[in-house]
Amino acid sequence: MAYHGIVIAGFGGQGVMLMGQIIAEAAVIEGKHSTWLPSYGPEMRGGTANCTVVVDERPVASPVIDSPTEVIAMNYPSMVKFGGRLQSGGILFVNSSVVDRDIERDDIEIIKVPVNEIAEEVGNPRVSNMVMLGAFVEVTGIVGTEAVKEALKHKLTGSKSALLELNFEAVRRGAEFVRRR
Amino acid sequence: MKKLMMKGNEAIAEAAIRAGCRLYFGYPITPQSEIAEYMSRRLPEVGGTFLQTESEVATVNMVYGAACTGKRVMTSTSSPGFSLMQEGISYIAGAELPCVFVNVVRGGPGLGDIQPAQSDYFQATKGGGHGDYRLLVLAPSTLQEAIELTMLAFDLADKYRNPALILADGMIGQMMEPVELPPMRDLSTLPDHSSWALTGAEGRAPRKVTSFNIDPYGLEEMNKRYQEKYRRVEREEQRWEEYKTENAEYLLVGYGTMGRILKSVADRLEEEGLAVGVFRPISLWPFPDRRLKELSEKVRFVFTVEMSSGQMVEDVRLAVDGRIPVHFYGRMGGVVPTPEEVIRAFKKLL
């Protein structure tokens, strides 16, 4: 497996930090090396947040990256900022539930996922990040679904473990959406 | 052993507990507040004491008091908070007390910002408070190393009866990566400080632990003792890592976060056919000057990169002593240089 530098960005409250942590932890579960680096400015719900995840077969030297190989943009400002920095040939995942414009690049692959609508169908709008995670895992194969489930189990413990099935279902539905595309 | 994903601040806190630290005093400040948060939850579980103080000035004096008892004690803070602690640190160094400080550095000067920086190097290594004293300063570049160096900091502090400092930055504090935790230290194996510690004078003569001596000749003798200790530390405790230095024609020098980014720089330059090595000081004081001097006799030039206007580069220049050019690139204010921009800066020198 080659090196991956992934940027996940959106509004605070959309769960972008958790998405990154799940990807990083799933990679480690699979025996790969990974770092998770958050932006930690004075952020709040509704502000912008992002994190950078590096996944590699070798120990990760720099957790800071120049241009990502994959970008997950959960809102329009994130798509403009990080989609523009994406490597040529990279993959841009866009939350098409809230982003209604296109990025002017023809050298990248763009995967649009209406995560809010799918999350509503699953039964809880708050799992839209897990829908996107499912789509990301299905398309890139950087980590496997089983490792993602395992990582979710580490994150959702105690009273939150009741939410595990809901989150698994959201991941599954995200993957299903991009398979049917 | 099982690998865990941990945040840097939490890894440092857990490492301190596993090193036998049962006393923590602190005041919250970004980007290290997770250390205090973690300690507040974890210390009561292991029979320790967590205390949130009213200020960093109170913190450092509580650390001073606790260190007088010979118990392992720690505090953590970030740049402005570390400035506030300097008076107390000078007293602790003068009283020759073991304890551990953590400074998760952020952009300065003044209130600055909360992003990762390396602009507290002078303060950490040259004595931020008054008087002729030194801190043992260790700079981790990965979270696994942050754990190892936190454990080592307690051991070195005990060995030399001197305060030790973990100099990290906001990136080390905030990032996550897999770590393996060492086993919990058996408290009965910790160094014996009963010959000097203040433990209550029952059954023995009262003792005094102080940095004070009104007689200049007496104070000079105390200073001679400190200096003798510092020379021993300089001889025995220089630590560094070398990466691809074997046949290097050029040498990159950086510590902490910058040190690991420079490894990516060296890898990419190698792909372009350039033989570039990395020298990463782990102990910032004592600065690993002997090995750097040796390496400087084998390369064309040294390129130092820091997240500051250029502080460690002064120690690099002292070690290299004019034999070859020492170039510098830095970003300030909490900006972390990317590998690509360091490569661009490096290529301008060729």
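Residues numbered from 1 in each chain as written. Chains lettered and ligands numbered in written order. Predicted model: local features only at pLDDT ≥ 70, side-chain atom pairs only at ≥ 80, totals over all residues. Heavy atoms only, no water.

**A few points about the overall build of chain B**
For the record, the criterion: Where helices and strands are cited, they refer to DSSP runs of H or I of at least four residues and of E of at least two residues respectively, numbered from the N terminus. Computation of the radius of gyration draws on C-alpha atoms, with the globule rule given as 2.2 Å multiplied by the number of residues to the power 0.38. Remark: exposure states derive from per-residue accessible area (1.4 Å probe, protein chains only) relative to the maximum for the residue type, with buried under 20%, exposed over 50%, and partly exposed in between. Whether two residues are in contact is decided by their heavy atoms, any of which lying within 4.5 Å being enough. We get accessible surface area from the Shrake-Rupley algorithm with a probe of 1.4 Å; when it comes to residues, only the shown protein chains can shield them.
The number of helices and strands found in chain B is 13 helices and 14 strands. In terms of overall size, chain B behaves like a compact globule, its C-alpha atoms giving a radius of gyration of 20 Å where 350 residues would be expected to give roughly 20 Å. For chain B, with 350 residues in total, the buried portion stands at 59%. Long-range pairs, those at least 24 residues apart, make up 79% of the contacts in chain B between residues at least 6 apart in sequence. Within the structure as shown, chain B displays about 14000 Å² of accessible surface, and the carbon and sulfur contribution to it stands at 52%.

**Focus: the domain arrangement of chain B**
Residue and element names in this part refer to chain B. Let me state the cut-off plainly: Boundaries of every domain are those given by an automatic assignment or by a domain database. Summed over both partners, the accessible surface that disappears when two parts come together, traced with a 1.4 Å probe, is what is meant by buried area. Salt bridge criterion: a side-chain nitrogen from Lys or Arg within 4 Å of a carboxyl oxygen from Asp or Glu.
On domain assignment, one finds that chain B holds domain 1 (4-198 + 225-235) and domain 2 (241-347). One C-alpha centre belongs to domain 1, the other to domain 2, and the line joining them spans 26 Å. Listed by partner, the interface residues are 33 residues for domain 1 and 26 residues for domain 2. Across the domain 1/domain 2 interface, buried area totals approximately 2500 Å², and carbon plus sulfur atoms make up 53% of it. The interface formed by domain 1 and domain 2 contains three salt bridges.

**As for the interface of chain A and chain B**
Condition: In protein, a polar contact requires one atom able to donate a hydrogen and another able to accept it; more generally it is a pair of N or O atoms within 3.5 Å, and residues adjacent in sequence count only if both atoms are side-chain atoms.
Facing the 22 residues of chain A at the interface are 28 residues of chain B. Taking both partners together, chain A and chain B bury about 1800 Å²; carbon and sulfur atoms supply 64% of that area. For the pair chain A and chain B, the number of links is two salt bridges. With a shortest N-O distance of 3.7 Å, D267 of chain B and R58 of chain A are connected by a salt bridge. Linking chain A with chain B are eight residue pairs in polar contact (both at pLDDT 80 or more), by the criterion used here. Every element with two or more residues in the side of chain A that touches chain B is listed here: α1 (16-29), β2 (33-38) and α5 (145-155) of chain A.

**Digging into the environment of A146 of chain B**
Residues and elements named next belong to chain B. Structurally, A146 is set in helix α7 (residues 143-160). On the accessibility criterion, A146 (0% relative accessible area) is buried. Setting aside its immediate chain neighbours within four residues, A146 contacts I12 and P140.

**Quick word on the packing of helix α1 (residues 8-18) of chain B against helix α2 (residues 33-42) of chain B**
Residues and elements named next belong to chain B. Rules: Angular values range over 0 to 180 degrees, each being the angle between N-to-C directions of two axes fitted as lines to C-alpha atoms, with helices fitted over their stretch in contact. Throughout this description, any angle smaller than 35 degrees is read as roughly parallel, any larger than 145 degrees as roughly antiparallel, any in the 65 to 115 degree range as roughly perpendicular, and the remainder as oblique. Throughout, a crossing is termed right-handed when the near helix is turned clockwise from the far one, and left-handed when it is turned anticlockwise from it by less than a right angle. Residues were grouped as follows: Ala, Val, Leu, Ile, Met, Phe, Trp, Tyr, Cys and Pro as nonpolar; Asp, Glu, Lys and Arg as charged; and all remaining residues, including Gly, as polar.
With their axes 8 Å apart at the nearest point, α1 and α2 run at an angle of 45° to one another. As summarised for this structure, α1 and α2 are arranged oblique, according to the angle between their axes. In this structure, α1 crosses over α2, and the sense of that crossing is right-handed. Here N9, E10, I12, A13, E14, A16 and I17 of α1 lie close against α2, whose contacting residues are E34, I35, Y38, M39 and R42. Along the lines of polarity and charge, the residues of the contact of α1 with α2 split into seven nonpolar, one polar and four charged.

**Structural notes on the packing of aromatic side chains**
This is how the line gets drawn: In this analysis, rings of Phe, Tyr and Trp, with Trp reduced to its six-membered ring, are considered paired at centre separations within 6.5 Å, and the interplanar angle assigns stacked below 30 degrees, edge-to-face beyond 60, and tilted for intermediate values. By the criterion adopted, a ring carries a charge over it if an Arg CZ or a Lys NZ lies within 6 Å of its centre and within 35 degrees of its normal.
Overall, the coordinates contain eleven aromatic pairs over all chains when judged by the stated rule. For the pair F82 of chain B and F101 of chain B, a centre-to-centre distance of 6.3 Å together with 65° between the ring planes defines the contact as edge-to-face. Taken as a pair, F82 of chain B in helix α4 (residues 79-84) and F101 of chain B in strand β5 (residues 99-105) lie far apart in primary sequence, 19 residues in all. The exposure class assigned to F82 of chain B is buried, which follows from its relative accessible area of 0%. Connected via pairs of aromatic rings, a cluster forms that spans Y250, F301, F303 and F346 of chain B. The ring of F168 of chain A carries the charged tip of K149 of chain A above its face, separated from the ring centre by 5.2 Å. Here R161 of chain B stacks its cationic end above the ring of W196 of chain B, 4.1 Å away from the centre of that ring.

**Points about the nonpolar core**
To keep it simple, the criterion reads: Among buried residues, those of type Ala, Val, Leu, Ile, Met, Phe, Trp, Tyr and Cys that are joined through side-chain atoms within 4.5 Å constitute a nonpolar core.
Formed by 117 residues in total, the largest nonpolar core has its most connected members in M74 and F101 of chain B. In terms of residue count, the dominant contributor to this core is α7 of chain B (eleven residues). In terms of domain composition, this core takes at least three residues from each of domain 1 (4-198 + 225-235) and domain 2 (241-347) of chain B. Excluding its chain neighbours within four sequence positions, the residues that come into contact with M74 of chain B are A16, C21, L23, Y24, F25, I35, M39, V63, V100, V102 and F154 of chain B. Residues I111, M130, M132 and V143 of chain A belong to the second largest nonpolar core, which totals 47 residues.

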